[in-house]
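Residue-level listing of the chains:
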Amino acid sequence: MSTSVTLKDSAELLHAIARLRTADGNSAAEAYVLIHHDEGNPNVISLEHEGEGIEDLASQLHEAEVQYAILRVREQLDITVAVKFVYIHWIGEKVPFTKKGRFGVVHGSVKENLPTCHADLETSSVDDITAENINRLINETSGTKSKVIDGNNTEGRHMRGFTSVPLSKGPGKSKANLVPVSAGGAAVKHGEDVTEAILDVRSDDSATTWACIGYEDDDVKKPLKCVGKGDGNVDELKHCLADDKPFYFLYRTTDTIDGHVTVKFVYIIWVGEQVKPLAKAKLSTHKGYVQELFSGCHVSIFATSRSEISRTIVTDKVQSASGSKSNVK
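The notes below deal with the structure included here. (Residues numbered from 1 in each chain as written. Predicted model: local features only at pLDDT ≥ 70, side-chain atom pairs only at ≥ 80, totals over all residues. Heavy atoms only, no water.)

**Examining the overall build of the protein**
(1) Moving on: Along the protein, the regular secondary structure elements total nine helices and twelve strands.
(2) Moving on: Per-residue burial over the protein gives 49% buried out of 329 residues.
(3) Moving on: By sequence separation, contacts in the protein at least 24 residues apart represent 64% of the contacts at least 6 residues apart.
(4) Moving on: In the form shown here, the protein has an accessible surface area of approximately 15800 Å², with 48% of it arising from carbon and sulfur atoms. (Helix = DSSP H or I, 4+ residues; strand = E, 2+ residues; numbered from the N terminus. Buried < 20%, exposed > 50% of the residue type's maximum accessible area, 1.4 Å probe, protein only. Contact = heavy atoms within 4.5 Å. Areas by Shrake-Rupley, 256 points an atom, 1.4 Å probe, with all protein chains shown as cover.)

Have a look at this one:
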């Protein structure tokens, strides 16, 4: 399975992005470029639509599709106005798990083909595509307290906090994943066994609860490979750990909120205390790419000691992310 994408009618898409990014003072305060997978092909993207306004953008998003948008807004900075760009990764609520997997593994390549933005927003709910949420995201990533200029009166609105995990909108309604712009990084080769392992953990039809991904011959200069899988709890995956090796884990668990069981995914980065400094430096260049490979997780854990990975720690982090008081099962 290929993890890269190509641009259909690349000139058309690139010209649309150029128009968006070279707007002058007479241009609309809010404008966007919307991109989709051409004819549902995960390995081909193309321009779908150009438009103005956050509400108009929200109306163009489809619940059964994966789409991408670059949104231009304006932010007031004291007496000056700054233009900001937000990258939106839309995953519709009705996109099947298997399709999410196929499109998820190419997301890193999608971002590589698009310009860097000031902030990222990943969501499956149009309720998150509002001036209020975009305002808060821009404020948090730029470190300002000013507001995005949208021509609307936002006084008195409830402003939700910026978080690196899904925003809580009540039990079972958390859809958005707001994250700062990734630093990117070097691409890492990997075989189909890695993709299949990740899809296996994410599949509702599989009993697999975790997958361990390492490097061939334990050499960080070589491609990634699947080291192991299992159907137990987080304690089971700890058998793969080694003090002198790095690993990446995808762990599937559940959280119960008001009697409703919801699936949660945990991304674990393990760098043993005896991993050599040069290897650690190389790993840092892989961070952005590997994170994209494991995208769509509710919680991330970075660990160098076995004591940093436990059912209690996972429970606490998942519950904190979801805002629940129930127990992870």
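**Notes on a negative patch on the surface**
(1) Moving on: There is a patch of like negative charges on the surface, built from Glu 192, Asp 193, Glu 196 and Glu 216.
(2) Moving on: Relative to the elements of secondary structure, Glu 216 occurs in the loop between β8 (210-215) and β9 (224-230). (Patch = residues over 30% accessible without salt bridge, like charges linked within 9 Å, V, L, I, M, F, W, Y side chains within 5 Å. Salt bridge = Lys/Arg side-chain N within 4 Å of Asp/Glu carboxyl O. Lys, Arg positive; Asp, Glu negative; His and termini not counted. Charge placed at Lys NZ, Arg CZ, Asp CG, Glu CD.)

**So, the pattern of salt bridges**
(1) Moving on: This model, assessed by the stated rule, comprises eleven salt bridges.
(2) Moving on: Lys 111 is the salt-bridge partner of Asp 120, the closest N and O atoms lying 2.5 Å from each other.
(3) Moving on: Among the salt bridges present, the one from Lys 111 reaches Glu 292, with a minimum N-O distance of 3.9 Å. Here Glu 292 lies in helix α8 (residues 277-293) and Lys 111 lies in helix α4 (residues 107-112), a separation of 181 residues in the sequence.

**Structural notes on the packing of aromatic side chains**
(1) Moving on: Applying the stated criterion across every chain yields a total of four aromatic pairs.
(2) Moving on: Taken together, a centroid distance of 4.9 Å and an interplanar angle of 25° make the contact between Tyr 267 and Phe 294 stacked. In this pair, Tyr 267 is assigned in strand β11 (residues 260-271) and Phe 294 in the loop between α8 and β12 (299-303), connecting sequence segments 27 residues apart. Phe 294 matches Tyr 267 in its accessibility class, with the two residues each being buried.
(3) Moving on: Put simply, the rings of Tyr 215, Tyr 248, Tyr 267 and Phe 294 touch in pairs and so form one group of aromatic residues.
(4) Moving on: Geometry around Phe 97 places Lys 100 over its ring, the cationic atom sitting 5.3 Å from the centre.
(5) Moving on: Taking NZ or CZ as reference, Arg 202 lies 4.6 Å from the ring centre of Phe 265, over its face. (Phe/Tyr/Trp six-rings, centres within 6.5 Å; stacked < 30°, edge-to-face > 60°. Lys NZ or Arg CZ within 6 Å of the ring centre and 35° of its normal.)

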